[in-house]
Amino acid sequence: QVQLVESGGGLVPPGGSLRLSCRFSGSSFSIFVMGWYRQAPGKQRELVATISSVGTTTYADSVKGRFTISRDNAKNTVTLQMNSLKPEDTAVYYCDARRPFLDNYWGQGTQVTVSS
């Protein structure tokens, strides 16, 4: 059974940085597409970034140039480096692991709050 555990959330002032990590266990990490999603209060969950098994990345337009997703297949982890944070980045961030058309798993989420 796949398990995802996020860490690294917190409170940061506008313009600051945070680094989120997601630890994967229970299957072969390297074959999964990994992603980060977020959900702000009263809004739908939205895609932030994804990274394929070979390292191809995609980003939401709202985070391009500020966020970087990466993965370490030896350590079964995926990381989201978030720079130049804005108040509108405030949300619960979820780690996602999926094999397209097969299965999809979510972490429990970690809160990111950008506020002065």
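One can find the structure itself at the top, above this paragraph.
The text that follows walks through the structure, step by step, so that each part is easy to find.

So, how was this worked out
Residues numbered from 1 in each chain as written. Predicted model: local features only at pLDDT ≥ 70, side-chain atom pairs only at ≥ 80, totals over all residues. Heavy atoms only, no water. Helix = DSSP H or I, 4+ residues; strand = E, 2+ residues; numbered from the N terminus. Buried < 20%, exposed > 50% of the residue type's maximum accessible area, 1.4 Å probe, protein only. Contact = heavy atoms within 4.5 Å. Areas by Shrake-Rupley, 256 points an atom, 1.4 Å probe, with all protein chains shown as cover. Salt bridge = Lys/Arg side-chain N within 4 Å of Asp/Glu carboxyl O.

Attention now goes to the overall build of the protein. Helices and strands together make up the secondary structure of the protein, namely 0 helices and 11 strands. Each principal axis of the C-alpha atoms in the protein carries an extent, and together these give about 40 × 25 × 25 Å. Evaluated residue by residue, the protein yields a buried proportion of 40% over its 116 residues. For the protein, the proportion of contacts with a sequence separation of at least 24, taken over those separated by at least 6, is 53%. On the protein, roughly 6200 Å² of surface is accessible, and the fraction owed to carbon and sulfur atoms is 49%.

Residue placement: glycine 35 occurs in strand S4 (residues 33-39). Residues glycine 35 and threonine 57, spaced 22 residues apart in sequence, show a C-alpha to C-alpha distance of 9.3 Å. Other than its neighbours up to four places away in sequence, glycine 35 contacts Ala49, Thr50, Ile69, Tyr94, Cys95 and Asp96.

Side chains that carry opposite charge are capable of pairing whenever their charged atoms lie near each other. Under the definition given, this model contains 6 salt bridges. Where aspartate 89 meets arginine 66, a salt bridge forms, and the shortest distance between an N and an O atom there is 2.7 Å. You can see aspartate 89 sitting in the loop between strand S8 (77-82) and strand S9 (91-99) and its partner arginine 66 sitting in the loop between strand S6 (57-59) and strand S7 (67-72), a full 23 residues away along the chain. Just as aspartate 89 is buried, arginine 66 falls in that class too. Arginine 99 serves as the salt-bridge partner of aspartate 103, at 2.5 Å between the closest nitrogen and oxygen. Judged by its relative accessible area of 27%, arginine 99 is partly exposed.

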